[in-house]
Amino acid sequence: LNHLPCLRFDGSDDYFDFDGRFLANSNFTIFVVESRRKSNTGYFISGQNQEVNKVLHLGYEDDRRVKFMYGDPFFVEDAVPAYSIPVARLHTIGFNFVNGKTYKINSVSIGDGSASTQALESYEQATIGRFLSFDYYGGDIAEIVIFNKSLKSSEIREIENYLVKKWKITLT
């Protein structure tokens, strides 16, 4: 990604399992540096569970819409331009019990789900690059940083600045 090593997901069968249980019933902040390589590329973070509030979905719902969901759906319409070429993006996602859900792309707020202050109840069978056994992410994932706490605004800016510089992400 921008001439630095990353993981390339082919959109057909590549994924990783991880233990997401540490996010259950807690505040969290997640940073993802990625670049989709085709239209409608799916979720970069998701899982194998379809039960409400027991899986975190994070990624592309369709060509122009991103999704951050567990429990109450939180879609952001027209969050990104329709796919034409790979573009590196930094996604910053947050949840806390007071302010609900937040979503930023390249350090710019694209929406919030402040009405949704319910925590993720559980998160077993968590995956990077796949939802269930048929929806795979197609693109590059350079870095994922997950905190099981709400970071302060200054901490978020510091991490975003570091990731933008490291991965040579163009801010617009």
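Use the structure listed above.
Everything quoted here is computed from the prediction, not taken from an experiment. (Residues numbered from 1 in each chain as written. Predicted model: local features only at pLDDT ≥ 70, side-chain atom pairs only at ≥ 80, totals over all residues. Heavy atoms only, no water.)

1. A few points about the layout of surface pockets
Over the atoms rolls a probe the size of a water molecule, and its path tells where empty space is left. Space inside the second largest pocket adds up to approximately 270 Å³. In terms of residues, the lining of the second largest pocket owes the most to one element, strand β8 (residues 89–96), which gives five residues. Looking at the lining of the second largest pocket residue by residue, the class counts come to five nonpolar, nine polar and three charged. (1 Å grid on protein atoms, 1.4 Å probe; cavity = no way out; pocket = protein on both sides within 12 Å on 5 of 7 lines; lining within 4 Å. Points joined across faces, edges and corners; volume = space filled by probe spheres on them. Helix = DSSP H or I, 4+ residues; strand = E, 2+ residues; numbered from the N terminus. Nonpolar A, V, L, I, M, F, W, Y, C, P; charged D, E, K, R; others polar.)

2. Here we look at the pairing of strand β10 (residues 108–113)
Inspection of the sheet shows strand β9 (residues 100–105) paired to β10 by five bridges, in the antiparallel sense. Residue pairing in the sheet places isoleucine 105 in a bridge with valine 108 of β10. Following β9, the chain reverses through two residues before pairing antiparallel with β10; asparagine 106 in that reversal takes a positive phi of roughly 50 degrees. (Pairing = 2+ DSSP bridges.)

3. What about the side chain of arginine 89?
Relative to the assigned elements, arginine 89 resides in strand β8. We note that arginine 89 is buried and unpaired, the nearest opposite charge coming from glutamate 34 at a distance of 4.7 Å. With sequence-adjacent residues up to four places away left out, arginine 89 is seen in contact with Val32, Val33, Glu34, Arg36, Tyr60, Val80, Pro81, Ile105, Asn106 and Ile169. (Buried < 20%, exposed > 50% of the residue type's maximum accessible area, 1.4 Å probe, protein only. Lys, Arg positive; Asp, Glu negative; His and termini not counted. Salt bridge = Lys/Arg side-chain N within 4 Å of Asp/Glu carboxyl O. Contact = heavy atoms within 4.5 Å.)

4. Focus on the sheet that holds strand β6 (residues 66–69)
Spatial ordering of the open sheet is given by β2-β11-β4-β5-β6-β7, a layout of six strands whose pairing is antiparallel. Bordering the open sheet on either side are β2 (16–18) and β7 (75–76), each of which pairs with just one other strand. In this sheet, strand β11 (residues 126–128) lies alongside strand β4 (residues 43–47) in antiparallel orientation, the contact comprising three bridges. Each bridged residue has a counterpart across the sheet, and for serine 46 the counterpart in β11 is threonine 127.

5. A few points about the packing of aromatic side chains
Following the criterion strictly, the structure yields twelve aromatic pairs and no others. Aromatic pair phenylalanine 44 and tyrosine 137: ring centres 5.6 Å apart, planes at 90 degrees, arrangement edge-to-face. Highlighted residues: phenylalanine 44 in strand β4 and tyrosine 137 in the loop between β13 (135–136) and β14 (138–147), separated in sequence by 93 residues. The same class applies to phenylalanine 44 as to tyrosine 137, namely buried. Here the aromatic cluster, defined as three or more aromatic residues joined through ring pairs, consists of Phe9, Phe16, Phe44, Tyr60 and Tyr137. Cation over ring: arginine 36 sits above tyrosine 60, and NZ or CZ is 4.5 Å from the ring centre. Lysine 101 extends its terminal NZ or CZ atom over the ring of phenylalanine 68, reaching a point 5.6 Å from the ring centre. (Phe/Tyr/Trp six-rings, centres within 6.5 Å; stacked < 30°, edge-to-face > 60°. Lys NZ or Arg CZ within 6 Å of the ring centre and 35° of its normal.)

Geometric values such as these leave the question of function open.
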